[in-house]
Amino acid sequence: KAGVTQTPRYLIKTRGQQVTLSCSPISGHRSVSWYQQTPGQGLQFLFEYFSETQRNKGNFPGRFSGRQFSNSRSEMNVSTLELGDSALYLCASSLDFGVVTQYFGPGTRLTVL
Amino acid sequence: QQQVKQSPQSLIVQKGGISIINCAYENTAFDYFPWYQQFPGKGPALLIAIRPDVSEKKEGRFTISFNKSAKQFSLHIMDSQPGDSATYFCAAGIQGAQKLVFGQGTRLTINP
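Residues numbered from 1 in each chain as written. Chains lettered and ligands numbered in written order. Predicted model: local features only at pLDDT ≥ 70, side-chain atom pairs only at ≥ 80, totals over all residues. Heavy atoms only, no water.

Regarding its fold elements, chain B presents zero helices and 11 strands. Ordered by position in the sequence, the α and β elements of chain B form the string β-β-β-β-β-β-β-β-β-β-β. In terms of overall size, chain B behaves like a compact globule, its C-alpha atoms giving a radius of gyration of 13 Å where 112 residues would be expected to give roughly 13 Å. The principal-axis extent of the C-alpha atoms belonging to chain B is close to 40 × 30 × 20 Å. Here chain B, with 112 residues, has 46% of them falling under the buried criterion. Summarising the internal contacts of chain B: among those between residues at least 6 apart in sequence, 54% fall at separations of at least 24. (Helix = DSSP H or I, 4+ residues; strand = E, 2+ residues; numbered from the N terminus. Rg over C-alpha atoms; globule rule 2.2 N^0.38 Å. Buried < 20%, exposed > 50% of the residue type's maximum accessible area, 1.4 Å probe, protein only. Contact = heavy atoms within 4.5 Å.)

Next up, the structure:
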């Protein structure tokens, strides 16, 4: 069974731009969570989607948003990029809502210049 | 209360030795404690996980020890190998809520 896939793997943007990252969960998994990983803050929860609805949200500004499609694929969007948004963005897939066991994708490395 | 504290930040162990990484939590509502292994350029991979109704879980060379009263849990890697060199993260979660709270990570180096 294929794992979690994320595209693109690497992205370079400039301040003020916006970016969209994509995630395809493991086949049959219906829940997707997003995390931000930085050297200083570690792994931090962004939000969680199930059945095309955001179920939980971490402590990030409104510039960070996401959505989930009917096939469980998810996208996250960051608007008005700041230098501090440079990070590895990780998508995690879970079988169902409330199932806390999560499997991570390889991440998208975002660099903001 | 949502924090998970992990130590040490870095660890060097000789090949064949035992690697031990510790984590502590505050929130007694946590009921799921996974460990993830991350290699450079890769996403975290689920290694092993434990629930608070057991004190120990073993999978191959990896063992989680759990002390509910002390609110601590640890990862033991027996017969450590150079291929185990990676960053290890402990985490805590609650069944029914997708969010995992992660420790800061431990960079493990196994010297040949």
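Moving on, we come to the pattern of salt bridges. Under the defined criterion, the tally for this structure stands at eight salt bridges over all chains. Here E75 of chain A and R73 of chain A are joined by a salt bridge, their closest N and O atoms 3.5 Å apart. A relative accessible area of 16% places E75 of chain A in the buried class. On the basis of relative accessible area, R73 of chain A is assigned to the partly exposed category, the value being 24%. Salt-bridge contacts for E26 of chain B lead to K71 of chain B; the nearest nitrogen and oxygen are separated by 3.8 Å. Of this pair, E26 of chain B sits in the loop between β3 (19–25) and β4 (33–38) while K71 of chain B sits in the loop between β7 (62–67) and β8 (72–77); the two residues are 45 residues apart in sequence, bridging distant segments of the chain. (Salt bridge = Lys/Arg side-chain N within 4 Å of Asp/Glu carboxyl O.)

With that out of the way, let us pick up the sheet that holds strand β1 (residues 4–7) of chain B. Hydrogen bonds between backbone atoms are what pair the strands of a sheet, whose relative direction is either parallel or antiparallel. Residues and elements named next belong to chain B. Read across the open sheet, the five strands follow the order β1-β3-β8-β7-β6; overall the sheet is antiparallel. The open sheet has two edge strands with one neighbour each: β1 and β6 (56–59). Taken over all neighbouring pairs, the strand axes of this sheet differ in orientation by 15 degrees on average, direction set aside. Two strands pair when backbone bridges link them, and β7 and β8 are joined in this way by six bridges, in the antiparallel orientation. Bridging across to β8, T63 finds its partner in H76. (Pairing = 2+ DSSP bridges. Axes fitted to C-alpha atoms, helices over the stretch in contact; angles between N-to-C directions.)

Before going further, it helps to spend a moment on the interface of chain A and chain B. Facing the 26 residues of chain A at the interface are 20 residues of chain B. Interface of chain A and chain B: buried area, both sides summed, is about 1700 Å²; carbon and sulfur atoms make up 53% of it. For chain A, the biggest contributors to the area lost against chain B are L43, V100 and F104 of chain A; these three give 34% of the whole. On the surface where chain A and chain B come into contact, there are zero salt bridges. At the boundary of chain A with chain B, the tally comes to six residue pairs in polar contact (both at pLDDT 80 or more). Looking at the side of chain A that touches chain B, the elements that each hand over two or more residues are β4 (31–38), β5 (42–50), β9 (87–94) and β10 (103–104) of chain A. Tallied by class, residues from the side of chain A that touches chain B come to 11 nonpolar, 12 polar and three charged. (Buried area = accessible area lost by both parts, 1.4 Å probe. Polar contact = N/O pair within 3.5 Å; in protein donor to acceptor, adjacent residues only side chain to side chain. Nonpolar A, V, L, I, M, F, W, Y, C, P; charged D, E, K, R; others polar.)

Residues and elements named next belong to chain A. Mapping Q68 onto the fold places it in strand β7 (residues 64–68). Engagement of the side chain of Q68 in a polar contact is seen with the backbone nitrogen of S51, the distance being 3.1 Å. A distance of 3.2 Å separates a polar side-chain atom of Q68 from the backbone oxygen of S72. Non-local contacts of Q68, meaning those with residues more than four positions away in its chain, are made with R30, S31, V32, Y49, F50, S51, E52, T53, R73 and S74.

Read these as layout, nothing more, since geometry by itself doesn't imply function.
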